[in-house]
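# Fold and geometry: a report
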Amino acid sequence: MKLSWIFREVFLGKKEIYSFGASECGPLHCSQKLPNEDAWLRLSGSFGLLAVVCDGMGSKPNAHIGSKIACLAVKESVQRWSKVSGAPISYLLHLIEVTWRLRLHPIEPDTAVTTCLFILVLKNKIWIVGGLGDGLVLVRTGTDLKVVVGEREEDFSNQTNGLGISKSTSSWSIMELPPTNKERIAVIATDGISDDLIPDQLDGFTQWLIDEFAKLNPYMRWRKLSNELKNWPTPQHLDDKTLAVIHAPVYRER
Amino acid sequence: MSNAKELPNALAHQTRDKANHDKEDNMSTLKEFAMASARPLPVMLLLDISGSMGTNGKIDILNEAVSEMIETFVGEDDFRAEIHVSVITFGGQEAKLHLPLQPADSIKWLPMKAKGRTPMGQAFSLAQQMIEDKSIIPSRAYRPTVILVSDGVPTDDWHGPLDQLLNSERASKAIRFAMGVGEEADNGTLNSFLSSNEARVFHAHEARNIKNFFKWVTMSVTTRTRSATPDMEVNLNPNEIELDF
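A brief look at the structure comes next. It should be emphasised that the depicted structure is a prediction, and the values quoted were computed from it without experimental measurement. (Residues numbered from 1 in each chain as written. Chains lettered and ligands numbered in written order. Predicted model: local features only at pLDDT ≥ 70, side-chain atom pairs only at ≥ 80, totals over all residues.)

### Quick word on the overall build of chain A
In plain terms, the rule: Secondary structure elements are defined from DSSP: runs of H or I of at least 4 residues count as helices, runs of E of at least 2 residues count as strands, and each element is numbered from the N terminus. Residue burial here comes from a neighbour count, namely the number of other C-beta atoms, placed from the backbone, that lie within 10 Å of the residue's own C-beta, with 20 or more meaning buried, 12 or fewer meaning exposed, and in between meaning partly exposed.
If you tally the helices and strands in chain A, you get seven helices and ten strands. Split into buried and exposed, the 254 residues of chain A put 45% on the buried side.

Following this line, the structure appears as structure tokens:
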């Protein structure tokens, strides 16, 4: 299995699906020598492929801990949930909430509030994308772009939803997508990015991610993306910035 | 790059790394998809230009105060937000948009003229429509500051429009200040407009106090734009900054 993967990667330059991401501390936290309150994670396993992006709520003292623990909670929850065939997605969301609180204990959840966005591609090629709180979750299948999380839930840069606030799994925005033969890409990002993206340029932004990063090796992807986030073009931007992508390209046979 | 050969290995590596980074910066097309301007911080002025404002030089002082405030906004360069200013006037028969919301540095200030009645309720309605319109104030904007200045009693129905302003989804989140000019100002209306119980109506007993109020508003706004949390309300004590009003 591993040898065939290496053969495909190295000799044919093919990959059915890959993920990448990066996180950069924003100018505000950097200048104050405070930690990046965003966290992200990508992982492949027997369940499939997972990418998670979390944004700790800035006004909370343990925000940077909450976001990191949320990434781990999603990882653990997906690993457990995926072992039970046919389990509803709502169980996964409950599991994430409870696992996050358990791992956080004895820190009070309301001091560590965080958003939680994820892309999960299961072994059976079903995609589950979505999340809780502000930021960006989009998925494009072929030319069909769907924004699962995008428009701010609250105006004027206030985050109002996340782990530690939400009382119900109905607060999550989740979309399940069936397997497809078309190219598919899903993007998740914290509001440090999504607030500065031009709303009618999301398709262009998605294509830019493919054009600029698909051809690079994993290290170069990470380095280039980190560089782009560090040199974010919007003037006087403040926030931490985190983005993760899962891309399933369609390769033409040679 | 040619100099890199003469440097120690580690330093040469760093130099090459930086050159590659610079190359990546120069080639990035990300800016095509990202906003080219900072997050806006809207400042909306609701200004009474009824006939009584034409007495004792009040309207002239108000014009000077607003003009100076805009100049200060333009002159500051340490902002984390782009200050946008709009002016709604109420005088004559109706409230009017005297200055559409726009970045302070693009404003060409046209002085206001005092005339007629005090249709304050219409000004509340116009302000509410603007704040609720996401094409005028986008979601990425910081909380707007709305400032009400009046020297008299409203001459139209203002209760309903003010209720709608205070209870609408977006406008209710605005930071609101009020100033009464002279002894005839309607303290009750101005009090109802404020955003918190701790806030108070400022009074300009003399025309020069109008300028001091606007200096205080200017300092409150610029303090917000320099702060780590521009969405938080800033309460500066006028006495501590030696402003008399």
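### Brief notes about the interface of chain A and chain B
The condition that has to hold: For the purpose of contact definition, each residue receives a C-beta atom placed from its backbone, and two residues are in contact when these atoms lie within 7 Å. Ten residue types, Ala, Val, Leu, Ile, Met, Phe, Trp, Tyr, Cys and Pro, are classed as nonpolar, four, Asp, Glu, Lys and Arg, as charged, and the remainder, Gly among them, as polar.
Listed by partner, the interface residues are 25 residues for chain A and 25 residues for chain B. At the level of elements, α6 (202–213) and α7 (218–230) of chain A are the ones that each hand at least two residues to the side of chain A that touches chain B. Tallied by class, residues from the side of chain A that touches chain B come to ten nonpolar, nine polar and six charged.

### Considering unusual backbone geometry
With an omega dihedral of 10°, the bond running from His105(A) to Pro106(A) counts as a cis peptide bond. Position of Pro106(A) relative to the elements: it lies in the loop between α4 (89–104) and β4 (116–122). Even without a glycine there, the phi angle at Lys125(A) is positive, about 70°. C-beta crowding within 10 Å serves as the criterion here: with 16 such atoms nearby, Lys125(A) is assigned to the partly exposed category. Positive phi values are uncommon outside glycine, yet Asn56(B) reaches one of about 55°. When you line up the elements, Asn56(B) lands in the loop between β1 (40–48) and α2 (58–75). Among the residues examined, Asn56(B) registers 14 C-beta atoms within 10 Å and is labelled partly exposed.

### Details of the sheet that holds strand β5 (residues 127–132) of chain A
All names here are of chain A. What counts here: One requirement defines pairing of two strands: DSSP has to find at least two bridges between them. Structural elements are reduced to axes, namely lines fitted to C-alpha atoms, with helices fitted over the stretch in contact, and the angle between N-to-C directions of any two is expressed from 0 to 180 degrees.
In space, the five strands of this open sheet follow the order β2-β3-β4-β5-β8, with antiparallel pairing throughout. Looking at which strands have only one partner, the edges of the open sheet turn out to be β2 (38–45) and β8 (173–177). Going from strand to strand, the sheet's axes swing by 5° on average, the running direction of each strand aside. Pairing between β5 and β8: five bridges, direction antiparallel. Each bridged residue has a counterpart across the sheet, and for Gly130 the counterpart in β8 is Ile174. Against the sheet, helix α3 (residues 63–81) contacts β2, β3 (48–55) and β4, and its axis sits at roughly 20° relative to β2.

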